[in-house]
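Coordinates in review
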Amino acid sequence: MGQLLKITENVIYLAESVGTNTDESVPVKLAVSYGLAQSAKLATFETSVDSIFDRVGHLPVVMAQTGHLNLTDRAILELSGELLAYSAYINLQTDVLDTPDWFWDNEAYEPLYEKVARYLDVRHRAEIVNQRLGVLSDMYALFRDERHILYGHRLEWIVIWLIIVEIVLDLLELAVLYVTGK
């Protein structure tokens, strides 16, 4: 099986016998195609994650420089939802890291698929995508925490002002009672 396929300088060469033997040709090409298809699908995920990084990669720097973040809760929630959707799709709804079921019945061709997938570095690239999604998730958690702290401080000030208003009203009531002599 190994002599049916050769990969050199990003070119896949099939043995001449593959082209002339149609019984052998279709499964060999299918095995190679599965590896190529998984790599192409992974490339779309890589592009999507890169676009997210391009949009939000500057935010930690802004947060470090200014001490706050100019994002609304809605924007943070939208970003978090987008991240979760990509993460779920990549890890739960696709089979980028799975060997296709076709190889259960065609085990002899699985080494060809594995050779292509290994050459295209599919597993390593998928791990990198997941690591980048993890970094994005940590970033969004930091953004949410920053917003929660801001709300906590705002609520503390509201409580302080309410206590001040209550004290002023009590003092006015005491003053009225003192003036009226009651």
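Calculation rules
- Residues numbered from 1 in each chain as written.
- Predicted model: local features only at pLDDT ≥ 70, side-chain atom pairs only at ≥ 80, totals over all residues.
- Heavy atoms only, no water.
- Helix = DSSP H or I, 4+ residues; strand = E, 2+ residues; numbered from the N terminus.
- Rg over C-alpha atoms; globule rule 2.2 N^0.38 Å.
- Buried < 20%, exposed > 50% of the residue type's maximum accessible area, 1.4 Å probe, protein only.
- Contact = heavy atoms within 4.5 Å.
- Areas by Shrake-Rupley, 256 points an atom, 1.4 Å probe, with all protein chains shown as cover.
- Patch = residues over 30% accessible without salt bridge, like charges linked within 9 Å, V, L, I, M, F, W, Y side chains within 5 Å.
- Salt bridge = Lys/Arg side-chain N within 4 Å of Asp/Glu carboxyl O.
- Lys, Arg positive; Asp, Glu negative; His and termini not counted.
- Charge placed at Lys NZ, Arg CZ, Asp CG, Glu CD.
- Pairing = 2+ DSSP bridges.
- pLDDT = per-residue confidence, 0-100.
- Core = buried A, V, L, I, M, F, W, Y, C linked by side-chain atoms within 4.5 Å.

For the rest of this paragraph, the subject is the overall build of the chain. For the chain, the helix and strand inventory stands at seven helices and two strands. Traced from its N-terminal end to its C-terminal end, the chain shows the element sequence β-β-α-α-α-α-α-α-α. In summary, the chain has a C-alpha radius of gyration of 30 Å against a globular reference of 16 Å for 182 residues, an excess of more than 25%. Across its three principal directions, the C-alpha atoms of the chain cover 115 × 35 × 15 Å. Here the chain holds 182 residues, and the buried ones make up 27% of them. For the chain, long-range pairs separated by at least 24 residues make up 77% of all intrachain contacts whose partners lie at least 6 apart in sequence. Carbon and sulfur atoms form 61% of the exposed surface of the chain, whose accessible area is close to 12300 Å².

Together, D98, D101, D105 and E107 make up a region of like negative charge exposed at the surface. Of note, D101 is situated in the loop between α4 (73-93) and α5 (102-105).

In strand β1 (residues 5-8), alternate side chains face the same way, and those of L5 and I7 are buried while those of K6 and T8 on the opposite face are not. Pairing geometry for β1 and strand β2 (residues 11-14), over four bridges, is antiparallel. Directly across from I7, in β2, lies its bridge partner I12. Hairpin connection of β1 to β2: two residues between the antiparallel strands, including E9 at a positive phi of 50°.

Now for unusual backbone geometry. Despite not being glycine, D121 has its phi angle at roughly 60°, a positive value. In this fold, D121 is placed in the loop between α6 (110-119) and α7 (122-180).

Turning to the pattern of salt bridges, a few remarks are in order. This model, assessed by the stated rule, comprises five salt bridges. One salt bridge connects D50 with R132, and the closest N-O pair in it is separated by 2.7 Å. Of the two residues, D50 is situated in helix α2 (residues 22-56) and R132 in helix α7; the sequence distance between them amounts to 82 residues. Residue classification places D50 among the partly exposed positions, given a relative accessible area of 32%. A relative accessible area of 28% means that R132 is categorised as partly exposed. A salt bridge links D73 to R147; its shortest N-O distance comes to 2.9 Å. One end of the pair, D73, is in helix α4; the other, R147, is in helix α7, with 74 residues separating them in the sequence.

A word on the confidence of the model for the chain. For the chain, per-residue confidence averages 85 on the pLDDT scale, and residues scoring 70 or more make up 92% of the total. Confidence scores differ between elements of the chain, with helix α1 (residues 16-20) showing the lowest mean pLDDT of 59 and α7 the highest of 91.

Of all hydrophobic cores here, the largest spans 35 residues; its most connected members are V56, L71, L136, Y140 and F143. Elements supplying a minimum of two residues to this core: β1, α2, α3 (59-66), α4, α6 and α7. In terms of residue count, α2 provides more of this core than any other element does, nine residues in total. Once residues within four sequence positions are removed from consideration, L136 is found in contact with V49, I52, F53, V56 and L83.

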